[in-house]
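Single-letter residue listing:
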Amino acid sequence: MRWTPMAAAGAPPEPLVQVRGLKQYFPLGSTWVDRLLGRGSRWVHAVDGVDLDIHHRETLGLVGESGCGKSTLARTILRLYEPTAGSIKFAGRELTTLSQMEMRQMRREMQMIFQDPFASLNPRRTVEQIVGLPLLIQGVPRADIRRRVAELLEKVGLSPSHIDRYPHQFSGGQRQRIGIARALAVNPRFVVADEPVSALDVSIQAQILRLLQDLQAEMGLAYLFISHDLAVISYVSDRIAVMYLGRIVELAPAETLFAEPLHPYTRALISAVPRVGSRGQVRERILLSGSPPTPIDPPKGCRFYSRCFLKEKNETCRLVAPDLKEVTPGHRVACHAVAGTL
Amino acid sequence: MAAAMPVRQQPGVTGGRRAWRRGLASLLDFWRRFRKNRLAVVGGAVVLLVIAMGVLAPWIAPHDPTQADFFRRFRPPVWMEGGSWEHPLGTDQLGRDILSRIIWGARASLTVGAIVILIATTVGVSMGLISGYYGGRVDAFIQRVVDVLLSFPYLVLAIGLMAVMGPGFSNMVLALVYKEWVTPCRVVRGEVLAAKRQEYVEAARAVGAGDAHIMWREILPNVLSSVIVVATLRVAWVILMEASLSFLGLGVQPPTPAWGSMVAAGREYIFQAWWLGTFPGLAILVTVLGINLLGEGLRDALDPRLGE
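What you are looking at is a predicted structure, and each value in this text was computed from that prediction instead of being measured.

Conventions and cut-offs
Residues numbered from 1 in each chain as written. Chains lettered and ligands numbered in written order. Predicted model: local features only at pLDDT ≥ 70, side-chain atom pairs only at ≥ 80, totals over all residues. Heavy atoms only, no water. Helix = DSSP H or I, 4+ residues; strand = E, 2+ residues; numbered from the N terminus. Rg over C-alpha atoms; globule rule 2.2 N^0.38 Å. Contact = heavy atoms within 4.5 Å. Areas by Shrake-Rupley, 256 points an atom, 1.4 Å probe, with all protein chains shown as cover. Lys, Arg positive; Asp, Glu negative; His and termini not counted. Charge placed at Lys NZ, Arg CZ, Asp CG, Glu CD. Buried area = accessible area lost by both parts, 1.4 Å probe. Salt bridge = Lys/Arg side-chain N within 4 Å of Asp/Glu carboxyl O. Polar contact = N/O pair within 3.5 Å; in protein donor to acceptor, adjacent residues only side chain to side chain. Pairing = 2+ DSSP bridges. Axes fitted to C-alpha atoms, helices over the stretch in contact; angles between N-to-C directions. Phe/Tyr/Trp six-rings, centres within 6.5 Å; stacked < 30°, edge-to-face > 60°. Lys NZ or Arg CZ within 6 Å of the ring centre and 35° of its normal. 1 Å grid on protein atoms, 1.4 Å probe; cavity = no way out; pocket = protein on both sides within 12 Å on 5 of 7 lines; lining within 4 Å. Points joined across faces, edges and corners; volume = space filled by probe spheres on them. Nonpolar A, V, L, I, M, F, W, Y, C, P; charged D, E, K, R; others polar. Parallel < 35°, antiparallel > 145°, perpendicular 65-115°, else oblique. Core = buried A, V, L, I, M, F, W, Y, C linked by side-chain atoms within 4.5 Å. Buried < 20%, exposed > 50% of the residue type's maximum accessible area, 1.4 Å probe, protein only. pLDDT = per-residue confidence, 0-100.

Draft legend 1. Spatial organisation of the overall build of chain A. The helix and strand inventory of chain A stands at 12 helices and 12 strands. The C-alpha atoms of chain A give 21 Å as radius of gyration, which agrees with the globular expectation for 342 residues (20 Å, within 12%). Taken along the three principal axes of its C-alpha coordinates, chain A extends 65 × 60 × 50 Å. Pairs at least 24 residues apart make up 65% of the contacts formed inside chain A by residues separated by at least 6 positions. Accessible surface, chain A as shown: approximately 15,500 Å² in total, 53% of it carbon and sulfur. Charge centroids of chain A, computed over 43 positive and 33 negative side chains, lie 3 Å from each other.

Draft legend 2. Representation of the interface of chain B and chain A. Between chain B and chain A, the residue contacts involve 27 residues of the former and 38 residues of the latter. In total, chain B and chain A occlude about 2,700 Å² of area from one another, counting both sides; carbon and sulfur atoms represent 53% of this. The tally of links from chain B across to chain A stands at 3 salt bridges. For B:Glu202, the salt bridge goes to A:Arg75, with nearest N and O atoms at 2.7 Å. The interface formed by chain B and chain A includes 8 residue pairs in polar contact (both at pLDDT 80 or more). When residues of the side of chain B that touches chain A are traced back to their parent elements, those giving at least two are helix 1 (15-34), helix 9 (199-206) and helix 10 (211-247) of chain B.

Draft legend 3. Layout of the sheet that holds strand 3 (residues 59-63) of chain A. All names here are of chain A. The 8 strands lie next to each other as 6-7-8-3-9-10-12-11, forming an open sheet whose pairing is mixed. On the outer flanks of this sheet lie strand 6 (110-113) and strand 11 (325-328), each paired with one strand and no other. On average, each strand axis in the sheet is inclined to that of its neighbour by 25°, with strand direction left out of account. Pairing of strand 10 (residues 247-253) with strand 12 (residues 331-333) involves 2 bridges; the strand directions are antiparallel. From the neighbouring strand, leucine 251 faces strand 12, where its bridge partner is arginine 332. Seen against the sheet, helix 6 (residues 172-184) touches strand 6 and strand 7 (190-194) and runs at an angle of roughly 175° to strand 6.

Draft legend 4. Representation of the packing of aromatic side chains within the structure. If you walk through the whole model with that rule in mind, you get 13 aromatic pairs over all chains. The ring of A:Tyr305 has A:Lys313 sitting right over it, with the charged end atom 4.6 Å from the ring centre.

Draft legend 5. Just empty space enclosed by the protein, in detail. Residue and element names in this part refer to chain A. Taken as a whole, this structure holds 4 cavities of 30 Å³ or more when the rule is applied. Estimated volume of the largest cavity: approximately 90 Å³. Contributing to the lining of the largest cavity are 13 residues, with Cys302, Cys308, Leu310, Cys317 and Cys335 lying nearest its centre. Here the lining of the largest cavity is composed, by residue class, of 10 nonpolar, 2 polar and 1 charged.

Draft legend 6. Broad picture of the packing of helix 2 (residues 38-55) of chain B against helix 4 (residues 98-134) of chain B. Residues and elements named next belong to chain B. Running from amino to carboxyl end, helix 2 crosses helix 4 at an angle of 105°, the nearest separation of the two axes being 7 Å. Classified by the interaxial angle, the pair formed by helix 2 and helix 4 is roughly perpendicular. Taken together, the residues of helix 4 that come into contact with helix 2 (itself represented by Val50, Ile51, Met53, Gly54 and Val55) are Ile102, Ile103, Ala106, Arg107 and Leu110. Residue composition of the contact of helix 2 with helix 4, grouped by class: 8 nonpolar, 1 polar and 1 charged.

Draft legend 7. Region of interest: the nonpolar core. Residues B:Ile98, B:Ile102, B:Leu176 and B:Trp259 are the most contacted members of the largest nonpolar core, which totals 59 residues. Beyond its immediate sequence surroundings of up to four residues, B:Ile98 is in contact with B:Leu89, B:Gly90, B:Thr91, B:Asp92, B:Met262, B:Trp275, B:Leu276 and B:Phe279. With 58 residues, the next largest nonpolar core counts A:Val127, A:Ile163, A:Ile178 and A:Val197 among its residues.

Draft legend 8. Structural detail: the sheet that holds strand 4 (residues 85-90) of chain A. Residue and element names in this part refer to chain A. The 4 strands lie next to each other as 2-1-4-5, forming an open sheet whose pairing is antiparallel. Looking along the sheet, the strands with just one partner apiece sit at the ends: strand 2 (43-54) and strand 5 (93-94). Sheet topology places strand 1 (residues 17-27) next to strand 4; 5 bridges connect them, and they run antiparallel. Of the residues in strand 4, the one forming a bridge with arginine 20 is serine 87.

Draft legend 9. Expanded view of the environment of B:Ala114. As for its placement among the helices and strands, B:Ala114 is situated in helix 4. Sequence separation between B:Ala114 and B:Arg22 is 92 residues; the distance between their C-alpha atoms is 28 Å.

Draft legend 10. Structural context of the confidence of the model for chain B. All names here are of chain B. With 92% of its residues at a pLDDT of 70 or more, chain B has an overall mean of 86. In the model, residues 1-13 has pLDDT below 50 throughout and makes 23 contacts with residues more than four positions away in sequence or in other chains. The ipTM, which scores confidence in the relative placement of chains, is 0.83 for this predicted complex, and the corresponding pTM is 0.80.

Draft legend 11. How the structure looks around helix 10 (residues 264-271) of chain A. Of all 8 residues in helix 10 of chain A, 6 are buried, a share of seventy percent or more. On its buried face, helix 10 of chain A sits against helix 8 (230-236), strand 9 (239-244), strand 10 and helix 9 (254-259) of chain A.

Draft legend 12. Layout of the confidence of the model for chain A. Residues and elements named next belong to chain A. Looking at chain A, pLDDT values average 87 and 92% of them are 70 or higher. At the level of individual helices and strands, chain A shows its lowest average pLDDT in helix 1 (residues 32-36), which scores 71, and its highest in strand 3, which scores 95. In the predicted structure, residues 1-11 sits below a pLDDT of 50 and forms 12 contacts with residues beyond four places in sequence or in another chain.

Structure representation (structure tokens):
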């Protein structure tokens, strides 16, 4: 693992976003019954020690089942939640210690596209107000905002004449374009796309994905692209991180991950992707039993232990949490059996 | 699909005219839904009529409402024996024209209703926004104050406050505001609790919007329709309270005509001259009923979710 803060200072290979040991716990709140019984408050370990690099102009796909902490991780990186522990560096600058004012400045560089194009646009505000809000906050003069919003609408494939409309006058795909325009208004370098197409019809999904790719090429964006849909993830990502119960279990370039998945969870995920034209070829379908353990007081060792189907699994797996180890260049996996640390 | 949208340019349309058109469109939309409810339209008409009565009182009242005439005491309404068109609803114990007094009395009721609701809504909405948005201790504090105020019977609290401050118009407004802000506060707090979990609030935060912007620009417009509905319905209640306080001699002071004090005065002569108290009483009834019908119509037209 390359982790040399000293070597930072503008060196080109330095990642745009560098996350180290990030933890995000949410208190469950202790009731008076808990206090009476001498129990402390309990915590949901939504994100539990994540290391992640996102490079300039790259798309890092983040995949995992619902509730595994994908969205929480993304929101914590943007400091929409205050992280419990860990470090987030953006272009070499530590975000976790910034004040709210300084953070507001930084938001010019990092924006977010939301999952639900209906909930993420305020029904009582016009397109101009919605897309222009980041500009207003960054101090763009009001007179320029309208012109800039019209340009942005054109850029995302909407008509500038729609600038005075309200969200309910648009279709789902159009609304998502408005959300994208909002995220790009301040020319960010890093955009978190939290399941940007999962609420859309399949025919619209392709359009939006292509738009995101075009914009990436045009504006030099880096994406953290979250999805539970492996087909979507494989289509857009340069590298893919697989998340399970608050941790990254495998991280590899997209082709590598699909060609030779190493972690048992990844293997199960990929075996579940339906493939067209693979008739005749018998593919092993791995069925996982049970459901993931609860993120409240998660297991001490490997979090996948309870569902792991490897013959090699043993007491080490149950008691010692595996680190994310590089097994081949660029391919990291958190599994004792694969990394040979049993 | 979106990319193929034709560009309809509207050159020469200025910002002001744009906003005006937008407002007109949503107003027409609202009217279409509102007019389906016949009773609400009737209620709205009654309210407009009462407002017009209050505003135009100096021109439409046939007599001076405070002019006593001892030769014309206890004249009955026009349809009874001894009545005349000069005093269509009769005269009171001092010979004053009852119709004129009812017309002028609308002023007291409407002014108190409007001022109390205006102040109470401003205070209540602000408190509700703060309470719901920040939550935690701020919320707990504000809601305990609300609970304390709610535990007092309304009229008893108002009478107590008036006893301390003394009777009179501005003291009555204060005494009513003292508790009236609680209702919009509760309503807004509940709505804010739901609204602040919406993704658009998170989206605003993600682009760097501050608390003030989120509260007033993102959340408030989404709770405004329930505020309007609650404010309208509460006007009726405040008018009743004003009448009650005036009935008890704590509100509008004589000789200024007010419906409540007219009912109080008529009480003494109920067996000899029933019209003294009955007509102002009917005025209260019709006004309150009209406002309530209007308020319920507004509720259905503005926010179908509220109709329980």
